[in-house]
Structure formats: structure tokens, C-alpha cells
Amino acid sequence: MERNMKIKLITALISSLLVGSVYAQTAPTAPSQASAPAITTESTTRFAAGVTAALNASTTNIIYLQQTGTSPAISINQDGNSNRAGSDSSGTINSMILNGNSQIVTLDQTGNSNIIDTLKILGNAANVYLLQSGNSNTANVTCGLTTSCGGTVAANTNALLDFRFTGNSNSLNYTGNGSSLQAAVYVYGNGNTVTMEQSGAGGQQALINIGATGAGNASPNNTVNVSQTSASMSSLVLSQSGAGSTTFNISQTGTYSNVANISAASSGGSFNIIQRSR
């Protein structure tokens, strides 16, 4: 009996030690609540600086447009400096392509250092009106080249392009390919350059007016380059008012007759005219 008591005592002692060790273990702690990362002063400053830089950038408006269809009426007005139509602020060209018959397109840019590069017109009976008001603006425009623009308005085969520039040191580069293309250019200002090239089977017509900027003001130091090539005839009407010096370089080539009607009041300007008819 004494022996059995010892065994029970030892068993009870071992059990108490095991239970005590279990309860002596450290209870697990709940994970701490996660906190959202704080917006640092540095990131806030960078964001504000980016917004400020964007608002103060010289390039205020950029537009790309590609249109296909008949008889659209398109009107674009950009007001500000260094606007872009068809190219971005880095000068990368992404041409505006307008493809379709009977298009009416009006593109108006007001400000300095604006660029149109390049406006491509494809189709018949297009009517394009382009106005740039300001200094150091550039416009590159093509008509036809892959799809002809030509003929007469009534026959729905004509392209009429009207370009107007008011300001100084502006540049127009126009290339047209098609039958009976009609282009009119009005320039008011100093140091502007107009380059026009027309080619195609039908007759080509061009009107260029170099005008004074106001009463008593001349429009000096402008340069006009015109090249007309046609299987039939080409005609040019050119008028310069004011006493400004202008350089005219004119080349006309046709199977039949070429006509250049020039009226100029020029001091110290030059006229270089070549006509070929074969």
C-alpha cells in the first residue's frame, strides 16, 4: 500500500509540472493594425511643380485629327502661343489627314510661334481656309499627292485653298497635286516666306496678295516662291501694295499657255520669272 501511495504521488507531481508548463507559455499577441503610407512633402512638391510646369509651358494646345468621309464641316480654333496642329512640342510630326469629298475645313491659330505640320487634304471639292495671326508661325499644307484634288466646283472636282497670314516672320509651304487647283494667299506683315507648288493635268490657278499692315505701313522683306506645272495652262495673279522690298521667284510650265499678272510697288525687290510652254 505504501508503494502504491508513492506511485500516485509521483504521477500527480509529473501531471502538475506538465500543466504548469503549458499555462506558463506566452499567449500570442494580435498583429498591429497596418497604417497607410503618408504622402511625403517631396512627392507633394513634385506634383505641384509638374502642374506649374504644365501650366507655364509655351505649348498650350496640341491637336491631331484624322477624318474620312464625305461633306464634313471641320472648324478648329487655337488661341495662344506655340500651338501645334499635327506635330507635338518636340517637333515630332503626326500629320492631320482629312480624306473625303466636299470637305469644308477652317483652321484658325492666334498667337506666336504656332505650327501646322502637316495638314493633308485628300479628295475632291475641298474648301480649306487657314488663318494664322501672330509672328513666327509656320504652316505646311498638302493637297492631293495620293488622291487628286481638281476640276471645277460645279463638277465636284475642285480644291480651293485660302491662306491668310497677319504678322511677321511667318512661313507657308503648300504643295498641291490635281486638276485645276485654286489657291489664294493673303500676307500682311514683314519678313514672311510663301512657297507654293502646284502640279497636275488640269490648269493651275494662284492668287497672292502682299498687303500693308496699316495706313502708311509697308510689308517689306517678304519672299514669294511659286512653281506651277500643268499639262494645260497655269495662271498667277500677284499683287503687292506698300513700298516694301519683296523677292519674287516664279516658274510656270505648261503644254499650252502660262499667264503671270503681277502688280507691285516694290523698293529694292527682285523678280525672277521663268515661263515654259511646249
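The following refers to the structure shown. (Residues numbered from 1 in each chain as written. Predicted model: local features only at pLDDT ≥ 70, side-chain atom pairs only at ≥ 80, totals over all residues. Heavy atoms only, no water.)

Summing up its helical and strand segments, the chain has 2 helices and 19 strands in all. Counting the 278 residues in the chain, one finds 36% classified as buried. For the chain, the proportion of contacts with a sequence separation of at least 24, taken over those separated by at least 6, is 52%. Summed over all atoms, the accessible surface of the chain reaches about 14700 Å², with 56% contributed by carbon and sulfur. (Helix = DSSP H or I, 4+ residues; strand = E, 2+ residues; numbered from the N terminus. Buried < 20%, exposed > 50% of the residue type's maximum accessible area, 1.4 Å probe, protein only. Contact = heavy atoms within 4.5 Å. Areas by Shrake-Rupley, 256 points an atom, 1.4 Å probe, with all protein chains shown as cover.)

Here we take up the nonpolar core. Judged by nonpolar contacts, the single largest core of 37 residues is most densely connected at F163, Y174, V185 and I208. In this structure F163 touches L130, V141, L172, Y174, A184, V185 and Y186, once residues within four positions along its chain are discounted. (Core = buried A, V, L, I, M, F, W, Y, C linked by side-chain atoms within 4.5 Å.)

A separate point is the packing of aromatic side chains. The tally for this structure, following the rule as stated, stands at 2 aromatic pairs. For the pair F163 and Y174, a centre-to-centre distance of 5.4 Å together with 50 degrees between the ring planes defines the contact as tilted. Residue F163 is found in strand β10 (residues 159–166), and its partner Y174 is found in strand β11 (residues 171–177); the two are separated by 11 residues along the sequence. When the ring of F248 is compared with that of F271, the centres are 4.8 Å apart and the planes differ by 15 degrees; the resulting orientation is stacked. Here F248 is found in strand β17 (residues 246–254), whereas its partner F271 is found in strand β19 (residues 270–277), with 23 residues between them in sequence. (Phe/Tyr/Trp six-rings, centres within 6.5 Å; stacked < 30°, edge-to-face > 60°.)

Time to look at a nonpolar patch on the surface. Judged by side-chain polarity, M233, Y256 and V259 come together as a nonpolar surface patch covering roughly 290 Å² of accessible area. Within the secondary structure, Y256 is located in the loop between β17 and β18 (258–264). Residue classification places Y256 among the exposed residues on the basis of a relative accessible area of 56%. (Patch = residues over 30% accessible without salt bridge, like charges linked within 9 Å, V, L, I, M, F, W, Y side chains within 5 Å. Salt bridge = Lys/Arg side-chain N within 4 Å of Asp/Glu carboxyl O.)

Now for the pairing of strand β16 (residues 234–240). Within β16, 5 of the 7 residues are buried, which leaves it mostly tucked inside the rest of the structure. Here strand β14 (residues 204–211) pairs with β16 via 7 bridges, running parallel. Counted as the bridge partner of N209 is S239 from β16. For β16 and β18, the ladder comprises 7 bridges, and the chain directions are parallel. Opposite S239, over in β18, you have S263 as the bridge partner. (Pairing = 2+ DSSP bridges.)

Turning our attention to unusual backbone geometry. T118 follows D117 through a cis peptide bond whose omega is 0 degrees. In this structure, T118 sits in strand β7 (residues 115–122). Within the chain, S102 stands out as a residue other than glycine whose phi angle is a positive 55 degrees. With respect to the secondary-structure elements, S102 resides in the loop between β5 (96–99) and β6 (104–110). Non-glycine residue S136 carries a positive phi angle of around 60 degrees. Assignment of secondary structure puts S136 in the loop between β8 (126–133) and β9 (138–143).

Turning next to the sheet that holds β8. As summarised here, the arrangement of the 8 strands in space is β3-β6-β8-β10-β12-β14-β16-β18, forming an open sheet in which the pairing is parallel. At either margin of the open sheet sits one strand with a lone partner, and together these are β3 (73–79) and β18. Across the sheet, the mean angle from the axis of one strand to that of its neighbour is 5 degrees, orientation sign disregarded. With 7 bridges connecting them, β3 and β6 associate as parallel partners. Bridged to A73 within β6 is I104. (Axes fitted to C-alpha atoms, helices over the stretch in contact; angles between N-to-C directions.)

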